[in-house]
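# Geometric and topological summary
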Amino acid sequence: MSDVIYGRHPVLEALQSGRVLDELLLAEGVRVEGALAEIVKLARERQLPLKYLPRPALDRLVGRAEGGVANHQGVAARSAGFVYSGPGQHPGAGHPRRRAAADPGAGRHPGRA
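Model, not experiment: these values are computed from the prediction.

Below, the discussion takes up the overall build of the chain. When you go through the chain residue by residue, the secondary structure sums to four helices and four strands. Counting helices and strands in the order they occur from the N terminus, the chain gives β-α-β-α-β-α-β-α. Sorting the 113 residues of the chain into buried and exposed places 31% on the buried side. Sequence-distant contacts in the chain: of pairs separated by 6 or more residues, those separated by 24 or more amount to 74%. Accessible surface, the chain as shown: approximately 7800 Å² in total, 52% of it carbon and sulfur.

In this section: the packing of helix α1 (residues 8-17) against helix α2 (residues 35-45). It is at 10 Å that the axes of α1 and α2 come closest, and there the two elements cross at 30 degrees. If you check the angle between α1 and α2, you find them roughly parallel. Here the hand of the crossing between α1 and α2 comes out left-handed. Across from Arg 8, Val 11, Leu 12, Leu 15 and Gln 16 in α1, the residues of α2 making contact are Ala 35, Leu 36, Glu 38, Ile 39, Leu 42 and Ala 43. Residues of the contact of α1 with α2, tallied by class, amount to eight nonpolar, one polar and two charged.

Cut-off values and rules
- Residues numbered from 1 in each chain as written.
- Predicted model: local features only at pLDDT ≥ 70, side-chain atom pairs only at ≥ 80, totals over all residues.
- Heavy atoms only, no water.
- Helix = DSSP H or I, 4+ residues; strand = E, 2+ residues; numbered from the N terminus.
- Buried < 20%, exposed > 50% of the residue type's maximum accessible area, 1.4 Å probe, protein only.
- Contact = heavy atoms within 4.5 Å.
- Areas by Shrake-Rupley, 256 points an atom, 1.4 Å probe, with all protein chains shown as cover.
- Axes fitted to C-alpha atoms, helices over the stretch in contact; angles between N-to-C directions.
- Parallel < 35°, antiparallel > 145°, perpendicular 65-115°, else oblique.
- Left-handed = near helix turned anticlockwise from the far one by under 90°.
- Nonpolar A, V, L, I, M, F, W, Y, C, P; charged D, E, K, R; others polar.

Below is the structure:
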């Protein structure tokens, strides 16, 4: 499932923060100036695909994400949803204490019962 980020400042902040985005969506005919010029510049630097959509299509996409109508200001971005990790994929999963917590027999000395 993908997330939709919309509006000039939220999309700009997502790009500046390094968030992984799949594509940048712009309304056809939108003037690329100010914050929008910076958004397009950052997207091109990151080789992010740019797609121009008719404004009604962007309205529908953003409205569907919000369950109604939302003000996208001519720009939106799709990002991959969060991927939840399973056991053993946690950053500290290889640590002996964490293994012992997950598997009570893992922290025992081989010569002890």
